[in-house]
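Descriptive structure summary
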Amino acid sequence: MAEWIGIIHSTAPKYLSGAADNTIRNRLILTLIRQKGRITFNESSHECNWDVEYAEQPVSAYGDGGTLDFSRHDLLRQMKIDWRGYKATDMMTEKERLENKGDIAIVKRYDRIMPTLTKSLRNKFCGEFFIDGYATGNENRLHGLESFFGTGTTVAADRIAEPSDTYGGKSTALGNEGGSWTSDLTTKPNANAATDWPDGNGDPEYDYISPKIVNYSSSSWGTSSTSWENNCERVLRQSTIWLTQTSGKDGRPDIYLLAGDLFYGYKNKIESLRRITVPHKGAQDLGFDDVLNQDGVMIDTDFDVPSGVGYGLNVDQMELGSLDSVLFSSRGPEYDIKTDSWLFLVGFFGNVRYNPKHFAKLAAIA
């Protein structure tokens, strides 16, 4: 018995460290998060809090000899979400242990349990980046991207949807914290918003956590079509411009992750135009050779992205936080006298947080 416990307890922490690292390397989104140092460990407190800069100090014209007004300015808004968790479990009965007693058999059994547990957690975990953590039934799941992509009034001619959601306790609606935006364009990107946003310019508080929800089925892309395949290049180019324009150079997206059907349509479109595909050098350096490049942004597909949808991600504006000192932690084996079994557990406690202003969703909204 001592040897059995010794083998497992001395091997499990080392294995889980390597397994978690492999999990990151096998998924581009996790690789980018790690590369940019956006994974934090040993988080604490009963909830996840962070500050978002929503406004700037006012600047006024000044003439020689004028009188200056000094006052304090509250430039931050605090956002908060709760922590979420995932667990994968397995067990070995005492009868099975006795049937397989002996060093070689025990180690082989253990080698099968831990990799499959970690694989199950990995496959589930990566898909959670795209779900709505506020939706009914998702109370214990990550606050994924869909947690802030709710829409308001949007019609077929609108190239962008009106943001309308609540994330981190704050509204994503335009102008919810005040501010104004220009209204010079004859045709507004969203008619109900009735401003030039995200074109034009305005006060930072007007859209400080408003994401870009791009309507690729709009009739206003200038292609005489509402299909993704015909509009995709313009949609991606415009999304990159909008994200960069409203946030500066730091707002430029790192990657668009597309559902398989959208990636297929995109490849068909660019191959029909240029007969060649342009790989992204940065993605190749990370070991992902099939990632494409448009305007310096990675274009890739991900198994977990819902059909008909794509996401523009700015990795510097997201953070994956773990309450533990590792990404995935292990517990056990622990003997359970009630079931006469040895119990194994791999899990995660934490959450992912975003600044929604720097993210985009591509979908057929209207």
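Here is a short report on the structure shown in this document. Quantities reported herein were computed from a predicted structural model and do not represent experimental measurements.

**Topic: the overall build of the protein**
When its secondary structure is counted, the protein shows seven helices and 15 strands. Going through the 366 residues of the protein one by one, you find that 49% of them count as buried. Taking all contacts inside the protein whose residues are at least 6 apart in sequence as the whole, residues at least 24 apart take part in 72%. For the protein, the accessible area works out to roughly 17500 Å², and carbon and sulfur atoms hold 48% of it.

**Let's talk about the packing of aromatic side chains**
Applying the stated criterion across every chain yields a total of 16 aromatic pairs. Put simply, the rings of Trp50, Phe130, Phe148, Phe149, Tyr167, Tyr311, Tyr354 and Phe359 touch in pairs and so form one group of aromatic residues. The ring of Tyr54 is capped by Arg77, whose NZ or CZ atom sits 3.9 Å from the centre of that ring. Taking NZ or CZ as reference, Arg159 lies 5.3 Å from the ring centre of Trp221, over its face.

**With respect to the pattern of salt bridges**
Under the counting rule described, the total for this entry stands at 15 salt bridges. One salt bridge in this structure joins Glu177 and Arg77, with 3.2 Å as the shortest N-O distance. Of this pair, Glu177 sits in the loop between strand S6 (170–171) and strand S7 (212–215) while Arg77 sits in strand S3 (residues 76–81), placing them 100 residues apart in sequence. Glu128 is the salt-bridge partner of Lys124, the closest N and O atoms lying 3.8 Å from each other. Overlapping salt bridges, with partners in common, bring together Arg38, Glu43, Glu319 and Arg353 in one network.

**Section: the side chain of Asn190**
If you trace the backbone, Asn190 turns up in the loop between S6 and S7. Reaching out from Asn190, the side chain makes a polar contact with the side chain of Asp158 at a distance of 3.3 Å. When residues no more than four places from it in sequence are discounted, the contact partners of Asn190 are Thr153, Thr154, Asp158, Ile160, Ala161 and Glu162.

**Focus on the nonpolar core**
Judged by nonpolar contacts, the single largest core of 59 residues is most densely connected at Ile33, Phe125, Phe129, Leu145, Leu320 and Tyr354. Setting aside residues no more than four positions away along its own chain, Leu145 makes contact with Phe129, Phe130, Ile131, Tyr311, Leu313, Tyr354 and Phe359. One finds Ile160, Trp181, Trp221 and Leu258 within the second-largest nonpolar core, a separate group that totals 26 residues.

**Description of the sheet that holds strand S10 (residues 297–301)**
Taken in spatial order, the six strands line up as S7-S15-S11-S8-S10-S9 in an open sheet, and their pairing is mixed. Taken across any chain shown, the strands that pair with only one partner, and hence form the sheet edges, are S7 and strand S9 (292–294). For this sheet, the mean inter-axis angle between neighbouring strands, taken without regard to orientation, is 25°. In terms of strand pairing, S7 meets strand S15 (residues 360–363) through four bridges, oriented parallel. From the neighbouring strand, Lys212 faces S15, where its bridge partner is Ala360. Strands strand S8 (255–258), S10 and strand S11 (310–313) of the sheet are contacted by helix H2 (residues 28–35), whose axis makes an angle of about 160° with S8. Its contacts with the sheet place helix H5 (residues 228–247) against S7, S8, S9, S10 and S15, and it is angled at close to 160° to S7.

**Thoughts on H2**
Each α-helix winds once per 3.6 residues, and so residues spaced three or four apart point in a common direction. Within H2, six of the eight residues are buried, which leaves the element mostly enclosed by the surrounding structure. Looking only at H2, the buried set comprises Leu28, Ile29, Leu30, Thr31, Leu32 and Ile33. Taken from the residues just after H2, Gly37 is the one with a positive phi, measuring 70°.

**Regarding the environment of Ser329**
Within the secondary structure, Ser329 sits in strand S13 (residues 329–336). By relative accessible area, Ser329 is classed as buried at 10%. Remark: the alpha-carbon pair of Ser329 and Leu345, spanning 16 residues in sequence, is separated by 8.3 Å. What Ser329 contacts, discounting residues up to four positions off in sequence, is Asp324, Leu345, Val346 and Gly347. Among the polar contacts listed, one links the side chain of Ser329 to the side chain of Asp324, at a separation of 3.4 Å.

**A few points about the side chain of Asp199**
With respect to the element layout, Asp199 can be found in the loop between S6 and S7. What makes Asp199 buried here is its relative accessible area of 16%.

**Side note on the pairing of S11**
Taking every second residue as pointing to the same face, both faces of S11 are buried, with Gly310 and Gly312 on one and Tyr311 and Leu313 on the other. Across four bridges, the pairing between S8 and S11 is antiparallel. The residue bridging Ile255 from the neighbouring strand is Leu313, located in S11. Bridge count between S11 and S15: three bridges; the pairing is antiparallel.

**Examining H5**
At Arg234, H5 shows its maximal bend, which comes to roughly 30°. The complete set of buried residues in H5 reads Trp228, Asn231, Cys232, Glu233, Val235, Leu236, Gln238, Ser239, Thr240, Trp242, Leu243 and Thr246. Directly beyond the C-terminal end of H5, a positive phi value near 80° is found at Gly248.

About the cut-offs
- Residues numbered from 1 in each chain as written.
- Predicted model: local features only at pLDDT ≥ 70, side-chain atom pairs only at ≥ 80, totals over all residues.
- Heavy atoms only, no water.
- Helix = DSSP H or I, 4+ residues; strand = E, 2+ residues; numbered from the N terminus.
- Buried < 20%, exposed > 50% of the residue type's maximum accessible area, 1.4 Å probe, protein only.
- Contact = heavy atoms within 4.5 Å.
- Areas by Shrake-Rupley, 256 points an atom, 1.4 Å probe, with all protein chains shown as cover.
- Phe/Tyr/Trp six-rings, centres within 6.5 Å; stacked < 30°, edge-to-face > 60°.
- Lys NZ or Arg CZ within 6 Å of the ring centre and 35° of its normal.
- Salt bridge = Lys/Arg side-chain N within 4 Å of Asp/Glu carboxyl O.
- Polar contact = N/O pair within 3.5 Å; in protein donor to acceptor, adjacent residues only side chain to side chain.
- Core = buried A, V, L, I, M, F, W, Y, C linked by side-chain atoms within 4.5 Å.
- Pairing = 2+ DSSP bridges.
- Axes fitted to C-alpha atoms, helices over the stretch in contact; angles between N-to-C directions.
- Bend = angle between axes of the 7 residues up to and from the residue.

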